[in-house]
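Letter by letter, the chains look like this.
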Amino acid sequence: MNACNASHEYYPAAAAAEATMTATLDFEYLVRTSQRMVFSIAYRYLRDAAAAEEVAQDVFWELHKRLGTVESNEHAVFWLRRVACHRSIDYARRHAAELRARSDAFTEPAQSDPPADPLLSKRLREAVATLPKKMRMVVLLRFQQEAKLEEIAEALGIPVNTVKSQLHRALAMLREKMQFMLEESSGMGGTWR
Amino acid sequence: MKHIEEELKRALAEVEPPEGLAGRVLARVAERERGRRARAGWLGLAAAPGWRWAFAAVLCVALVAGGIFYQRARTRAEGERAKEQLMLALEITASKLQIAQATVQGINSGAEAEQ
């Protein structure tokens, strides 16, 4: 028995804390609890399930290599979100033509809370897909992950003011695009704000 | 009137990952880890403390042996060159002696003819 284990006989609280930490940073646990977040970021950004899975594989492999430097579960989740964003942007840059070709076969996977108006949601996602790359990720982090402006800034490595302006511009562009789409289709009227 | 922010939350909501994703991730990580360990195995062996001294000793022996081999090869090459120069000098001397002998014989045969 080593010195560390021996000390736990006298300090059970330390043993319990260590056990909690080991459980928290358990790789399999992290994969199972974060797969939905990582896959969703990649999927909503790339709009391709195979590409999103490829990104998720790379993100988790990267986590596995750096597991020793991850301090807590919260740190791991923050780290995974940041890496998923960057890997998705890189993937989109490297496989632009391939993704464009595959977007015809785009089918929406299951959602735990499906939208009331699936057609409107589809149109909105199409409009988001036309936004510039970084702006699209800002929108995704804000409205899918409900991240704060500071968290988005930290995840993407850009100033908070840039996040604010990008978000503002993105919403203006989306309102305009949606207005145009709605005017074109007879069944969907109304104004946006 | 539609609130775009609310609609965006619905449209971009998280989706369920494909079935078995976690299992596939774990399997691929295990496979990559095996590959990484196999690659690092030889390098790790060379970096182990005991092996480090053995590696240094082998390197020293190889350097000394290489030095001795180089020195011998160099001495042999110098000897070969000296031998070639000596042979050339002997050939030149022999040819000069032949000329001298021929000249002496010519003089002797001329003197005999006069008598």
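All figures in this text were calculated on a predicted structure; none of them were measured in a lab.

Rules of the game
- Residues numbered from 1 in each chain as written.
- Chains lettered and ligands numbered in written order.
- Predicted model: local features only at pLDDT ≥ 70, side-chain atom pairs only at ≥ 80, totals over all residues.
- Helix = DSSP H or I, 4+ residues; strand = E, 2+ residues; numbered from the N terminus.
- Buried ≥ 20, exposed ≤ 12 C-beta atoms within 10 Å, placed from the backbone.
- Contact = placed C-beta atoms within 7 Å.
- Core = buried A, V, L, I, M, F, W, Y, C linked by C-beta atoms within 7 Å.
- Arc of directions from axis to C-beta.
- pLDDT = per-residue confidence, 0-100.
- Nonpolar A, V, L, I, M, F, W, Y, C, P; charged D, E, K, R; others polar.
- Axes fitted to C-alpha atoms, helices over the stretch in contact; angles between N-to-C directions.
- Parallel < 35°, antiparallel > 145°, perpendicular 65-115°, else oblique.
- Left-handed = near helix turned anticlockwise from the far one by under 90°.

A. Representation of the overall build of chain B in the model. Looking only at helices and strands, chain B features three helices and zero strands. Beginning at the N terminus, the succession of helices and strands in chain B can be written as α-α-α. For chain B, the proportion of its 115 residues judged to be buried stands at 7%.

B. Summary view of the overall build of chain A. On a plain count of helices and strands, chain A comes out with 10 helices and zero strands. Along chain A, helices (α) and strands (β) appear in the sequence α-α-α-α-α-α-α-α-α-α when read from the amino end. Burial status across chain A gives 30% buried among its 193 residues. Across chain A, contacts joining residues at least 24 apart in sequence account for 63% of those joining residues at least 6 apart.

C. View of the nonpolar core. If you look at the biggest cluster of nonpolar residues, it comprises 48 residues, and the most contacted ones within it are Ala42, Ala52, Ala56, Val59 and Ala84 of chain A. Per-element tally for this core: the top contributor is helix 3 (residues 27-46) of chain A, with nine residues.

D. Spatial organisation of unusual backbone geometry. Residues and elements named next belong to chain A. Positive phi outside glycine occurs at Arg47, with the angle close to 60°. As for its position among the elements, Arg47 is in the loop between helix 3 and helix 4 (49-65). Of note, the phi angle at Glu146 is positive, near 50°, even though the residue is not glycine. The residue Glu146 is located in the loop between helix 8 (133-143) and helix 9 (149-156) in this model.

E. Broad picture of helix 1 (residues 4-11) of chain B. Buried within helix 1 of chain B we find Glu7, Leu8 and Ala11 of chain B. Along the long axis of helix 1 of chain B, the arc covered by the buried residues comes to 105°, so they all point the same way. Away from the buried face of helix 1 of chain B by more than 90 degrees, exposed residues Glu5 and Glu6 of chain B are located. If you follow the buried residues of helix 1 of chain B, they end up packed against helix 7 (118-129) and helix 8 of chain A.

F. Here's a closer look at the confidence of the model for chain A. Overall, the predicted model of chain A reaches an average pLDDT of 82, with 74% of residues at or above 70. Every residue in residues 1-24 of chain A is under pLDDT 50, and counting partners more than four places away or in other chains gives seven contacts.

G. Quick peek at the interface of chain B and chain A. Each side of the interface is counted separately: chain B has 24 residues, and chain A has 40 residues. When grouped by side-chain class, the residues that make up the side of chain B that touches chain A number 14 nonpolar, one polar and nine charged.

H. Fine view of the confidence of the model for chain B. Looking at chain B, the pLDDT average stands at 88 and 91% of residues meet or exceed 70. Across the interface, the model reports ipTM at 0.75; the global pTM reads 0.65.

I. Molecular detail of the packing of helix 8 of chain A against helix 9 of chain A. Residues and elements named next belong to chain A. Packing of helix 8 against helix 9 brings their axes to within 10 Å, and their N-to-C directions diverge by 135°. Considered as vectors, helix 8 and helix 9 are oriented oblique to each other. Handedness of the helix 8/helix 9 crossing: right-handed. Listed contacts from helix 9 to Lys134, Met137, Val138, Leu141 and Arg142 of helix 8 are Ile152, Ala155 and Leu156.

J. Structural detail: the packing of helix 5 (residues 73-94) of chain A against helix 8 of chain A. All names here are of chain A. Between helix 5 and helix 8, whose axes approach to 11 Å, the crossing angle comes to 145°. The element helix 5 and its partner helix 8 pack so that their crossing is right-handed. Contact residues: helix 5 offers Cys85, Ile89 and Ala92, while helix 8 offers Lys133, Met137 and Leu141. When its residues are assigned to classes, the contact of helix 5 with helix 8 shows five nonpolar, no polar and one charged.

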